[in-house]
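# What the coordinates show
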Amino acid sequence: MAGVLIAAAVLLLGTTARDSEHVNRAASPAPPAASAVPVAAAPPSASPTPSASPSAPPVFHTGTGPAGSFLMTGTPAVALTFDDGPDPINTPALLALLRERHIHATFCMVGFRVRDRPDLVRQIYADGHTLCNHSWQHLLNLAHRDDAYIDWDLKHTNDMIHAAVGADAPIRYFRAPGGNFTPALVAKARALGMDSIYWDVDPRDWEHTHDSGASAHISRVIGDIQHNTRPGSIVLSHDNGQPNTITVYQHLLPWLQERFTLEGLPAAGL
């Protein structure tokens, strides 16, 4: 009789253990499905936005530039900003110059070029430069497009940058194409966590019409930056499609470093 009772107890314990294992497995949540990064050039009905970090929300101030954008850094530091890239030839050359002199700058990048050259965006970020949204396709009338398009444009550009460097990378700045800010566009950028930056120094390095040749153009741009840069300036230049600008900064970086502190715009905003 004792043997029968022991066997029954063993059988009951085994059944209970199997039932417990079944319940635990059934209660385990399924792994989340991976989401694809959108790459379309036309607005979808909705674009995913990377989750915000659990840190405190950014604090925003109003600048003295167009529509409340920022002309100056607010500190003695000078910020070099480079627009319209990444460029497959000029951006690597510029990064090499900045790396050699341990200078950090701010890169205002166009979304479809980010999509096409994520390797360069990763290098920009790895080198410690500040990331800036310069819209999806550089429409000079962006501020006058409908709200749905503007929302898509800014979010989609941020999504492409994050796809290249990771969702935790801060994109704290936006520059409107041509500097064509309106209060509504500044507000939309702010809603996405971005300060809007204008500039204090614009040497118009993209304009060659009035220069007699490359040498004259380079001399003019260098002279303009040297004459107008002051503590706190935000300097506008372009890496995309402007090889002469790379030559400008070969000559200009030592001069600037002797006179100013050169820094990327701060991740905390202006």
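Below, the structure is looked at part by part. (Residues numbered from 1 in each chain as written. Predicted model: local features only at pLDDT ≥ 70, side-chain atom pairs only at ≥ 80, totals over all residues. Heavy atoms only, no water.)

Moving on to the overall build of the chain. In terms of regular secondary structure, the chain is built from 8 helices and 6 strands. Along the chain, helices (α) and strands (β) appear in the sequence α-β-α-β-α-α-β-α-β-α-β-α-β-α when read from the amino end. Here the chain holds 270 residues, and the buried ones make up 44% of them. Sequence separation of 24 or more characterises 77% of the internal contacts of the chain that already satisfy a separation of 6 or more. Entry remark: accessible area of the chain is about 13,700 Å², with carbon and sulfur atoms responsible for 59%. (Helix = DSSP H or I, 4+ residues; strand = E, 2+ residues; numbered from the N terminus. Buried < 20%, exposed > 50% of the residue type's maximum accessible area, 1.4 Å probe, protein only. Contact = heavy atoms within 4.5 Å. Areas by Shrake-Rupley, 256 points an atom, 1.4 Å probe, with all protein chains shown as cover.)

Before going further, it helps to spend a moment on the pairing of strand S2 (residues 106-109). By the alternation rule, side chains of S2 split into Thr-106 and Cys-108 and Phe-107 and Met-109, which are all buried. Where strand S1 (residues 79-83) lies against S2, 3 bridges are found, and the strand directions are parallel. Residue pairing for S2: Thr-81 is matched across the bridge by Thr-106. You can see the chain leave S1, run along helix H2 (residues 90-100) and come back into S2, and the turn it takes is right-handed. (Pairing = 2+ DSSP bridges. Right-handed = clockwise from strand over helix to strand, strands pointing away.)

With the rule as written, the count across this model stands at 7 aromatic pairs. Ring centres of Phe-82 and Tyr-249 lie 5.2 Å apart, and the angle between their planes is 70°; on these two criteria the pair is classed as edge-to-face. In this pair, Phe-82 sits in strand S1 while Tyr-249 sits in helix H8 (residues 243-259), placing the two residues 167 residues apart along the sequence. Accessibility classification places Phe-82 together with Tyr-249 in one group, the buried group. (Phe/Tyr/Trp six-rings, centres within 6.5 Å; stacked < 30°, edge-to-face > 60°.)

If the charged atoms of two oppositely charged side chains come close together, the side chains can form a pair. For the structure shown, the criterion picks out 10 salt bridges. Among the ionic pairs, Asp-127 bridges to Arg-99, the shortest N-O distance being 2.8 Å. Here Arg-99 lies in helix H2 and Asp-127 lies in the loop between helix H4 (118-126) and strand S3 (130-133), a separation of 28 residues in the sequence. Classification of Arg-99 by relative accessible area gives partly exposed; the value is 41%. Note that Arg-204 is salt-bridged to Glu-207, the shortest N-O span being 3.0 Å. (Salt bridge = Lys/Arg side-chain N within 4 Å of Asp/Glu carboxyl O.)

Two measures define how a pair of helices packs: the angle their axes make with one another and the distance between the axes. At their nearest, the axes of H4 and helix H5 (residues 147-165) sit 8 Å apart, and the two run at 75° to each other. In this view, H4 runs roughly perpendicular relative to H5, as classed from their interaxial angle. Here Pro-118, Val-121, Arg-122 and Tyr-125 of H4 lie close against H5, whose contacting residues are Ile-161, Ala-164 and Val-165. Here the residues of the contact of H4 with H5 sort into 6 nonpolar, no polar and 1 charged. (Axes fitted to C-alpha atoms, helices over the stretch in contact; angles between N-to-C directions. Parallel < 35°, antiparallel > 145°, perpendicular 65-115°, else oblique. Nonpolar A, V, L, I, M, F, W, Y, C, P; charged D, E, K, R; others polar.)

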